[in-house]
Amino acid sequence: MPNENERSGDLLANLAAPGRERVALGPDAVLLAGFAADAATDLLAGLETVLAAAPFRHMVTPGGHRMSVAMTSAGPLGWVTDRSGYRYEPHDPETGRPWPLLPARFASLAALAAKTAGFPGFAPDSCLINRYEPGTQLALHQDRNERDFAQPIVSVSLGLPAIFLFGGPVRGARPRRVRLEHGDVVVWGGGARLHFHGVAPLAEGTHPLTGRCRINLTFRRAG
Ligand code: MD3
Ligand code: FE
């Protein structure tokens with residue numbers, strides 16, 4: 001019977017094994033295919049506790065457009081947008097209360113994925129949670145509200161698949177299309193950190209664990 005340390009050592013070795021799909025999407029972007037599949041039910045249970053305190057909402061862009069992606073956050077900082085701009089805030093503007101705690105399973109998975117991709121010591125202080133329903137899309141954008149662009153971003157896809165649009169450092173370049181499936185994790189660091197990216201309109205479908213939606217968790221060091 002292995003002890004706890006041996007067990008977690010085995011798990012780490014297995015996740016990092018050469019046989020597991022590990023796909024370079026670019027010089028500093030690595031897809032860990034299926035990395036979160038075994039954690040998915042725990043992650044979705046953690047999501048329910050977050051949603052009980054901070055439900056999904058459709059925020060408004062500085063230009064006055066209602067976002068079709070529904071969002072919420074967990075952790076010390078949460079990403080918000082309204083007519084006055086994009087930023088991170090320690091409180092949920094809907095309730096005035098601090099954002100819910102990062103569920104333990106969220107934090108452990110994000111740290112293990114970052115370490116596996118070559119970013120040991122990643123300690124996110126924010127998890128932005130996006131919900132896509134069929135037809136929902138996310139326009140090409142950069143993530144630039146974080147303080148330190150040397151810190152990676154870890155994204156976890158759950159539920160329905162999506163076509164992720166991975167552009168370049170300037171808006172003009174035609175983006176690559178990458179299919180992200182349930183359980184896929186992508187770690188974005190280095191040069192890729194400031195690349196334009198988005199999500200194509202979600203196709204119709206239902207997933208056994210999420211129903212008629214896709215959930216994306218993005219872990220960030222914002223402050
Ligand atoms: C590449 N979310 O929340 S995750 C976002 O699927 C966001 O919900 C998308 O873009 C989603 O900001 C994409 C993948 C992702 C996240 C952040 C990145 C890719 C990134 C930052 C820099 C480069
Ligand atoms: Fe983004």
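Our subject is the structure listed above.
From a predicted model like this one, the values you see are computed outputs, not experimental measurements.

### Thoughts on the overall build of the protein
Looking only at helices and strands, the protein has three helices and 13 strands in total. Taking 223 residues into account, the globule formula puts the C-alpha radius of gyration at 17 Å, and the protein, at 17 Å, falls close to it. Referenced to the eigenvectors of the C-alpha coordinate spread, the extents of the protein come out at roughly 60 × 40 × 35 Å. Within the span of the protein, comprising 223 residues, buried residues form 48% of the whole. In the protein, once contacts between residues fewer than 6 apart in sequence are set aside, the share between residues at least 24 apart is 72%. When the accessible surface of the protein is totalled, it reaches about 10800 Å², and 55% of it is carbon and sulfur. For the protein, the distance from the average site of its 23 positive side-chain charges to the average site of its 20 negative ones is 6 Å.

### Some details on the sheet that holds strand E12 (residues 197-199)
With antiparallel pairing, four strands are arranged side by side in an open sheet as E7-E12-E9-E10. Since the sheet does not close on itself, it has two edges, and those belong to strand E7 (138-141) and strand E10 (176-180), each with one partner. Going from strand to strand, the sheet's axes swing by 20° on average, the running direction of each strand aside. Here strand E9 (residues 162-166) runs beside E10; their pairing, made up of five bridges, is antiparallel. Paired with Phe164 across the strands is Val178, a residue of E10.

### Topic: the coordination of the iron ion (ligand 2)
Those protein atoms acting as donors to the iron ion (ligand 2) are His141 (NE2), Asp143 (OD) and His197 (NE2), and they sit at 2.0 to 2.2 Å. Sequence spacing of the donors to the iron ion (ligand 2): H-x1-D-x53-H. Of this pair, Asp143 sits in the loop between E7 and strand E8 (153-159) while His197 sits in strand E12, and the two are 54 residues apart along the sequence. By relative accessible area, Asp143 is classed as buried at 10%. Its relative accessible area of 15% is what places His197 among the buried residues.

### Remarks on the sheet that holds strand E13 (residues 214-220)
Sheet strands pair via backbone hydrogen bonds, and the direction of the pair is either parallel or antiparallel. Here seven strands make up an open sheet; going across it, the order is E1-E2-E11-E8-E13-E6-E3 and the pairing antiparallel. The open sheet terminates on both sides in strands that have one partner only, identified here as strand E1 (22-26) and strand E3 (70-74). Geometrically, the sheet is characterised by an average inter-axis angle of 20° between neighbouring strands, direction not taken into account. In the sheet, E8 pairs with strand E11 (residues 185-188) via four bridges, with the strands oriented antiparallel. What sits directly across from Ser155, in E11, is Val186. With respect to the sheet, helix H3 (residues 104-116) is in contact with E1, strand E2 (29-32), strand E6 (126-132), E8, E11 and E13, its orientation differing from that of E8 by roughly 120°.

Definitions and cut-offs
- Residues numbered from 1 in each chain as written.
- Chains lettered and ligands numbered in written order.
- Predicted model: local features only at pLDDT ≥ 70, side-chain atom pairs only at ≥ 80, totals over all residues.
- Heavy atoms only, no water.
- Helix = DSSP H or I, 4+ residues; strand = E, 2+ residues; numbered from the N terminus.
- Rg over C-alpha atoms; globule rule 2.2 N^0.38 Å.
- Buried < 20%, exposed > 50% of the residue type's maximum accessible area, 1.4 Å probe, protein only.
- Contact = heavy atoms within 4.5 Å.
- Areas by Shrake-Rupley, 256 points an atom, 1.4 Å probe, with all protein chains shown as cover.
- Lys, Arg positive; Asp, Glu negative; His and termini not counted.
- Charge placed at Lys NZ, Arg CZ, Asp CG, Glu CD.
- Pairing = 2+ DSSP bridges.
- Axes fitted to C-alpha atoms, helices over the stretch in contact; angles between N-to-C directions.
- Donors = N, O, S within 2.8 Å, 3.2 Å for Na, K, Ca; no water.

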